Amino acid sequence: MNIIKKTLATAVCGMALMPLAASAQGWPEKYQGVMLQGFYWDSYNVTQWTQLESQADELSSYFKLVWIPQSAYCGGKSMGYNPLYWFSNYNSSFGSEAQLRSMIKTFKQKGIGTIADVVINHRGTLENWFDFPVETYKGTTYKMYSTDVCANDDGGKAAAQAKSQGVSLGKNNDTGEGWDGMRDLDHYSPNVQQCVKAYLKMLLNDFGYAGFRYDMTKGYAASFTGLYNVYAQPQFSVGEYFDGNKSLLTNWINGTKLEGKIQSAAFDFPLRYSIRDAANGGNWTKLANGGLATDNTYKRYAVTFIENHDTEVRSATVQQDPIRKDTIAAYAYLLAAPGTPCVFYKHWVDCKDDLKKMILLRNRVGINNQSKLSPKTVETGVYAFSTNGTEGALCAAVGTNANKYATPTGYALVAEGYHWRYFLLKSMETVWPSLPSGIYYDEPEVELRAVSAASDARIVYTLDGSEPTEASAQVADGGKVKIPAGNVTLKTGVLAGGKVSGVETRTYDVRSFSPYQITVYVNTDNVGWTNCYFWTWGGDGSHGSVSGKWPGDNHTSTTEVKGKKWYSQSYNINSHDDAVSFVFAQKDKVQTVDVVDIATTSYFEILADKDNDNKYLVKDVTKDYTTAIAGITAADAVQRPTTVVSVDGRTLRRFNTHVSAADALNGLAKGMYIVNGKKVVMK
């Protein structure tokens, strides 16, 4: 019976091994891109596919790759590391299949490649130890059997279960470390190999992924990663070989070779631990320990990082192994060094201003994964080095004393922050603006720094998008230019010897701000609460609870919106960077996780699920209620005062009586608004 099953499965997944294709070589040589890890642990709401897609324009200016969680359904709420379905169900905890495909397509259109988290060390089953899903994809049925499980899975527990069920396991022991809880797959099995190959081809050719991040590669021999990549031909492949021993990592990388060619990069754990020790211990000489990225043989295959979901602090009780201080200085090293840097999503959100400057300067110099790094100063308080790129050189100083580090001969200081400084080689002949392109408020000032070897160098600039000339406005080195309201294109260059060179361009959307009011709605149906406390903080400091004592302001009455009852409270947003943070609670320490930095009218549902600290999770469902932001319907609109709300939830105007949409919108800019509970387009 088992022999018949195995024979049929092999036939279904393809009897013959396909010939080896031309090698993708693991990771591109001289690659200049930066990658974003587009999630963190339990980031279900924050990094939904729709949320990431909405950031595509901004992300595309800084990242060429975004790594996302394993994207198929895992049988329940999951980060994706307990895989169940491979081919047939892509409605995951991060969104639907349609939303996933839309995000990947949008990313691709913006020049971003999406990296799939590929978890093939182990696989889940439906009800018992060996009932893997039966899946049909494009007319072919794929299924795994007990004979596709390692002979020594779960230290013999799987063998005992197989015996009790009257089935057999595979003949081969695990080729790597075991992992209890799911079935470790026997990658020597022809059926496993062919199903994996079909799965990877589908991710690339159907979904449109650009490459793979292989999870838990300690769990199976490196040669299988090579085998799968030669078949699937991803442009990018990186393995998670979770170990700080550099020799073990280089052994794994070499183990992926087929036809004498390395087939995958690896996350640079040795470098990560060097950075961790330097930052946490305040001893920046530790950076000299390096890692893959400082090894000329392997830096092409080094994907560098300082934090991920397995090292971050997940909760008060799950601390793991984080960078505890000097995160920005750690990134200043990472983003000026060879290898392919991977930025952690939490850090991108928290440290965006500094990270944008660092990435732009990395790109301006043309630093790639094989650039040359040369140490200049190695001291406890500062580590300084230069990195050559295709367009020049960048000198970086990081550490406690970095801001005292003198400008090296032949360089110009262009950017700095807490415990870091960047210098450009003067021969690059350019000007560096302090503000990246983007949205700003209230006429910000841009500092312009000259990078020139000429003694008579001056800075010229324009604000109308025209090319700067000798006759254009001038400013001294380190001078500041105020950017007026509106859409402004700054162009600035070095004027030396009667010629303008090294023109840099920035585009700014400068907006004026008017205070507005938001309302936050909370539904507690899932947890059965009959009241809800709002504990609030953050922003400009004016949003604390009226009571001033935990658990905050008690709400007992509700508003009905779309058939559901909501506890609600309104807040004034007083500046462009103002926001309110929340915990929704009961007495006796019953509470939700933090809901932070809310600046628009929002709807939240408290879920029955809890995190590791026994706090209820919260789901943002605002998108389902955007047409009901004002909390009214067309039937009762004439009975209530008119409110004008932007599509992102900001209350723009509030009238004492009901007025027509035309009167309510008079004087506003063109666009879509919500008036009297309905969407109205102002033309």
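Residues numbered from 1 in each chain as written. Predicted model: local features only at pLDDT ≥ 70, side-chain atom pairs only at ≥ 80, totals over all residues. Heavy atoms only, no water.

Engineer: I would appreciate a short explanation of the overall build of the protein chain in the present structure.
Structural biologist: When you go through the protein chain residue by residue, the secondary structure sums to 13 helices and 38 strands. The 683 residues of the protein chain split such that 54% are buried. Intrachain contacts of the protein chain at a sequence separation of at least 6 include 65% that bridge at least 24 residues. Put simply, the protein chain shows about 28,200 Å² of open surface, and 47% of that area lies on carbon and sulfur atoms. (Helix = DSSP H or I, 4+ residues; strand = E, 2+ residues; numbered from the N terminus. Buried < 20%, exposed > 50% of the residue type's maximum accessible area, 1.4 Å probe, protein only. Contact = heavy atoms within 4.5 Å. Areas by Shrake-Rupley, 256 points an atom, 1.4 Å probe, with all protein chains shown as cover.)

Engineer: Explain the sheet that holds strand β23 (residues 480-482) to me, please; I cannot follow it from the model alone.
Structural biologist: What holds strands together in a sheet is hydrogen bonding between their backbones, with the strands either parallel or antiparallel. Here three strands make up an open sheet; going across it, the order is β18-β20-β23 and the pairing antiparallel. Unpaired on one side and paired on the other, β18 (430-433) and β23 mark the two borders of the sheet. Between one strand axis and the next, the sheet turns through 30 degrees on average, direction left out of account. (Pairing = 2+ DSSP bridges. Axes fitted to C-alpha atoms, helices over the stretch in contact; angles between N-to-C directions.)

Engineer: So what exactly am I meant to see when it comes to helix α12 (residues 352-365) here?
Structural biologist: Owing to its 3.6 residues per turn, the α-helix aligns residues three or four sequence positions apart on the same side. Its 14 residues place the ends of α12 20 Å apart at the C-alpha level, agreeing with the 20 Å of an ideal helix rising 1.5 Å per residue. When α12 is considered as a whole, its buried residues turn out to be L355, K356, M358, I359, L360, L361, R362, R364 and V365. (Expected span 1.5 Å × (residues − 1).)

Engineer: Explain the side chain of R362 here, please?
Structural biologist: Relative to the assigned elements, R362 resides in helix α12. Only 2.7 Å separates the side chain of R362 from the backbone oxygen of A337, close enough to count as a polar contact. A polar side-chain atom of R362 sits 2.9 Å from the main-chain carbonyl oxygen of G339. What R362 contacts, discounting residues up to four positions off in sequence, is Q32, V34, L334, L335, A336, A337, G339, P341, I367 and N368. (Polar contact = N/O pair within 3.5 Å; in protein donor to acceptor, adjacent residues only side chain to side chain.)

Engineer: Mind showing me how you'd approach the nonpolar core here?
Structural biologist: In globular proteins that are soluble, nonpolar side chains generally tend to be buried together. Ranked by internal contacts, the top residues of the largest apolar core, which has 131 residues, are Y199, L200, L203, Y333 and Y422. Counting residues per element, this core draws most heavily on helix α6 (residues 190-207), at ten residues. When residues no more than four places from it in sequence are discounted, the contact partners of Y333 are L271, I275, L287, T294, L373, Y383, F385 and V398. Of all hydrophobic cores here, the second largest spans 23 residues; its members include Y516, F534, F584 and I598. (Core = buried A, V, L, I, M, F, W, Y, C linked by side-chain atoms within 4.5 Å.)

Engineer: Could you clarify how one ought to interpret the pattern of salt bridges in this entry?
Structural biologist: When charged atoms on two side chains of opposite charge get close, those side chains can pair. Tallying each qualifying case throughout the model produces 28 salt bridges. Where E240 meets R213, a salt bridge forms, and the shortest distance between an N and an O atom there is 3.3 Å. Of this pair, E240 sits in the loop between β9 (236-239) and α8 (246-255) while R213 sits in strand β8 (residues 211-214), and the two are 27 residues apart along the sequence. We note that E240, like R213, is buried. (Salt bridge = Lys/Arg side-chain N within 4 Å of Asp/Glu carboxyl O.)

Engineer: Any chance you could explain the environment of Y533 here in plain terms?
Structural biologist: The topology assignment puts Y533 in strand β27 (residues 532-537). With a relative accessible area of 11%, Y533 lands in the buried category. With 20 residues separating them along the chain, Y533 and D553 place their C-alpha atoms 5.2 Å apart. Residues contacting Y533, with those up to four places away along its chain left out, are P551, G552, D553, N554, V583, F584, A585, Q586 and K587.

Engineer: Help me understand the confidence of the model for the protein chain, please; the structure alone is not making it clear to me.
Structural biologist: The predicted structure's coordinates, where accompanied by low pLDDT, should not be read in detail. For the protein chain, per-residue confidence averages 90 on the pLDDT scale, and 88% of positions sit at 70 or higher. Note that pLDDT drops below 50 for residues 628-640; the model gives that stretch 24 contacts with residues more than four away or on any other chain. (pLDDT = per-residue confidence, 0-100.)

Engineer: I would appreciate a short explanation of the packing of aromatic side chains in the present structure.
Structural biologist: Describing an aromatic ring pair means giving the distance of the ring centres and the angle of the ring planes. Counted according to the given criterion, the structure contains 44 aromatic pairs. With a centroid separation of 6.2 Å and 75 degrees between ring planes, the pair formed by F87 and Y199 is classed as edge-to-face. Here Y199 lies in helix α6 and F87 lies in the loop between β2 (65-68) and α4 (97-109), a separation of 112 residues in the sequence. In this structure, F87 and Y199 share a single accessibility class: buried. Summarising the aromatic geometry, the rings of Y603 and Y625 are spaced 4.9 Å apart at their centres and angled 15 degrees between planes, so their arrangement reads as stacked. With Y603 in strand β33 (residues 602-610) and Y625 in the loop between β34 (616-620) and β35 (643-646), this pair connects stretches of sequence that are 22 residues apart. By way of ring pairs, the aromatic residues F39, W67, F242, F267, F269, Y273 and F305 are connected into one cluster. Residue placement shows K201 over the ring face of Y231; its charged tip is 5.4 Å from the ring centre. The ring of W432 is capped by R506, whose NZ or CZ atom sits 4.8 Å from the centre of that ring. (Phe/Tyr/Trp six-rings, centres within 6.5 Å; stacked < 30°, edge-to-face > 60°. Lys NZ or Arg CZ within 6 Å of the ring centre and 35° of its normal.)

Engineer: Please clarify how the sheet that holds strand β32 (residues 595-598) should be interpreted in this entry.
Structural biologist: On the basis of which strands lie adjacent, the open sheet formed by four strands has the order β28-β27-β31-β32 and antiparallel pairing. Strands at the two margins of the open sheet, each flanked by one partner only, are β28 (553-555) and β32. The sheet shows a mean angle of 30 degrees between the axes of neighbouring strands, taken without regard to direction. As defined by bridge partners, strand β31 (residues 580-585) adjoins β32 across two bridges and the pair is classed as antiparallel. Counterpart to F582 in the pairing with β32 is V595.

Engineer: In this structure, what is going on with the pairing of strand β25 (residues 499-511)? I would like to understand it.
Structural biologist: Every other side chain in a regular strand lies on the same face of the sheet, so the side chains alternate between the two faces. Alignment of strand β19 (residues 438-441) against β25, held across four bridges, turns out to be parallel. Looking across to β25, one finds that I439 is bridged to D509. Judged from the ten bridges that link them, strand β24 (residues 486-496) and β25 form a sheet pairing that is antiparallel. The residue of β25 that forms the bridge with V488 is Y508.

Engineer: Quick question: what am I supposed to make of the side chain of T601 here?
Structural biologist: Along the polypeptide, T601 turns up in the loop between β32 and β33. Polar contacts involving the side chain of T601 include one to the main-chain amide nitrogen of T519, which spans 3.1 Å.

Engineer: Sorry, what's going on with the pairing of strand β3 (residues 113-118) here?
Structural biologist: Among the six residues that make up β3, six are buried, leaving the element largely enclosed by the rest of the structure. The two faces of β3 match: G113, I115 and D117 on one face and T114, A116 and V118 on the other face are all buried. Regarding the hand of the β-α-β motif, the stretch spanning β2, α4 and β3 is right-handed. (Right-handed = clockwise from strand over helix to strand, strands pointing away.)

Engineer: Help me understand unusual backbone geometry, please; the structure alone is not making it clear to me.
Structural biologist: Between W550 and the following residue, P551, the backbone shows a cis peptide bond with an omega angle of 10 degrees. Tracing the chain through its elements places P551 in the loop between β27 and β28. Despite not being glycine, E429 shows a phi value in the positive range, around 50 degrees. Considering the arrangement of structural elements, one finds E429 in the loop between β17 (420-425) and β18.

Engineer: Would you take a moment to explain α4 for this structure?
Structural biologist: Look at α4: 18 Å from first C-alpha to last across 13 residues, which is about the 18 Å you get at 1.5 Å a residue. Where α4 is concerned, the buried positions are L100, M103, I104, T106 and F107. All buried residues of α4 fall inside an arc of 165 degrees around its axis, so they share one side. Exposed residues lying more than 90 degrees from the buried face of α4 are A98, K105, K108 and Q109. Residues of α4 that are buried in the fold lie against α2 (49-54), α3 (56-60), β2, β3 and α6. Two residues or fewer after α4 comes G111, characterised by a positive phi angle close to 90 degrees. (Arc of directions from axis to C-beta.)

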